[in-house]
Amino acid sequence: MLTFGMSPFFTPSAVASAAAGGMLLGCAVVFKTGVLSGVLGISTYTKRLFVNPSLGRYAFVGGMIASAAMTSALYGGAEHMTFSAELLTRLGVGAFFVGVGASMQKGCTSGHGLTGLARLSLRSWVAVPLFMLAGILTATLSKSASAFPPNPVVEAGLAGWD
């Protein structure tokens, strides 16, 4: 049976952490747009890293990877995960379509969602709701939650995982 409700992970500290992360992203967008006169989008940087490499692009992508590793080490976010053939296939197919979609729409969700919406770009105001709708439909129709079962150690006994 499908049930809906408030996630037990929705706590005041989780909200504060998300707000702090959002403010850091906002500051990065303001800095990139206002000071460096450019658009902050991950797909653009990653694509240009291979097409037209520069020290700044390597630093940006390297910083994303390093910050993910540092956050995982500080907060214990890394979990052991078993990679099945089904999961790897889903990840590969998903990555392919995300890459194709980002190229077709001249940017990814981070570029359109962070920078495009703030610049009042019509393309972004159309793209972001379509990204969300496509993600919701894909996750629902493909039953993607079955590929990522709940972590029994962390989530044991929590309501909603019955």
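Attention in this report is confined to the structure presented alongside it. (Residues numbered from 1 in each chain as written. Predicted model: local features only at pLDDT ≥ 70, side-chain atom pairs only at ≥ 80, totals over all residues. Heavy atoms only, no water.)

### Quick word on the overall build of the protein
Condition: Every helix listed is a DSSP run of H or I at least four residues long, and every strand listed is a run of E at least two residues long, numbered separately from the N terminus. Exposure categories follow from relative accessible area, calculated using a 1.4 Å probe and restricted to protein chains: below 20% of the type maximum is buried, above 50% is exposed, and the middle band is partly exposed. Accessible surface area values rest on a Shrake-Rupley calculation with a 1.4 Å probe, where residue burial reflects the displayed protein chains alone.
Along its length, the protein carries seven helices and zero strands. When the helices and strands of the protein are listed from N to C terminus, the series reads α-α-α-α-α-α-α. Scored against the burial criterion, the 162 residues of the protein give a buried share of 16%. Counting only carbon and sulfur atoms, one obtains 73% of the accessible surface of the protein, whose full area is about 12100 Å².

### What about the pattern of salt bridges?
For clarity, the threshold we go by: Note on definitions: salt bridges are taken to be side-chain nitrogens of Lys or Arg within 4 Å of carboxyl oxygens of Asp or Glu.
Tallying each qualifying case throughout the model produces one salt bridge. Among the salt bridges present, the one from Arg90 reaches Glu86, with a minimum N-O distance of 3.2 Å. Residue Arg90 and its partner Glu86 are both found in helix 4 (residues 85-104); the two are separated by four residues, about one turn of the helix. Taking the relative accessible area as the measure of exposure, Arg90 reaches 29% and is therefore partly exposed. For Glu86, a relative accessible area of 44% corresponds to the partly exposed category.

### Quick notes on a positive patch on the surface
Going by this rule: Put simply, a patch holds well-exposed residues, over 30% relative accessible area, that have no salt bridge, with like charges counted together within 9 Å and Val, Leu, Ile, Met, Phe, Trp or Tyr side chains within 5 Å. In this tally, Asp and Glu contribute negative charge and Lys and Arg positive charge; neither His nor the terminal groups of the chain are included. Just so you know, the charge point we use is NZ for Lys, CZ for Arg, CG for Asp and CD for Glu.
Residues Lys47, Arg48, Lys106 and Arg123 make up a contiguous surface patch of positive charge. With respect to the secondary-structure elements, Lys47 resides in helix 2 (residues 42-51).

### Some points on the packing of helix 2 against helix 3 (residues 55-75)
Here is the rule: For helices, the fitted line uses only the C-alpha atoms of the stretch in contact; every axis is such a line through C-alpha atoms, and the angle between N-to-C directions lies from 0 to 180 degrees. What sets the label is the angle itself: under 35 degrees gives roughly parallel, over 145 gives roughly antiparallel, 65 to 115 gives roughly perpendicular, and the rest give oblique. For any helix crossing, the convention is left-handed if the near helix is rotated counterclockwise from the far helix by under a right angle, and right-handed if that rotation is clockwise. In this description, contact between two residues means that some pair of their heavy atoms is separated by no more than 4.5 Å. Here the term charged refers only to Asp, Glu, Lys and Arg, the term nonpolar to Ala, Val, Leu, Ile, Met, Phe, Trp, Tyr, Cys and Pro, and the term polar to all other amino acids, Gly among them.
Put simply, helix 2 and helix 3 touch, their axes get as near as 9 Å, and they point 125 degrees apart. Taken as axis vectors, helix 2 and helix 3 run oblique relative to one another. Here the hand of the crossing between helix 2 and helix 3 comes out left-handed. Contact residues: Ile42, Tyr45, Thr46, Arg48 and Leu49 in helix 2; Gly56, Arg57, Tyr58, Phe60, Val61 and Met64 in helix 3. Residues that form the contact of helix 2 with helix 3 fall into these classes: seven nonpolar, two polar and two charged.

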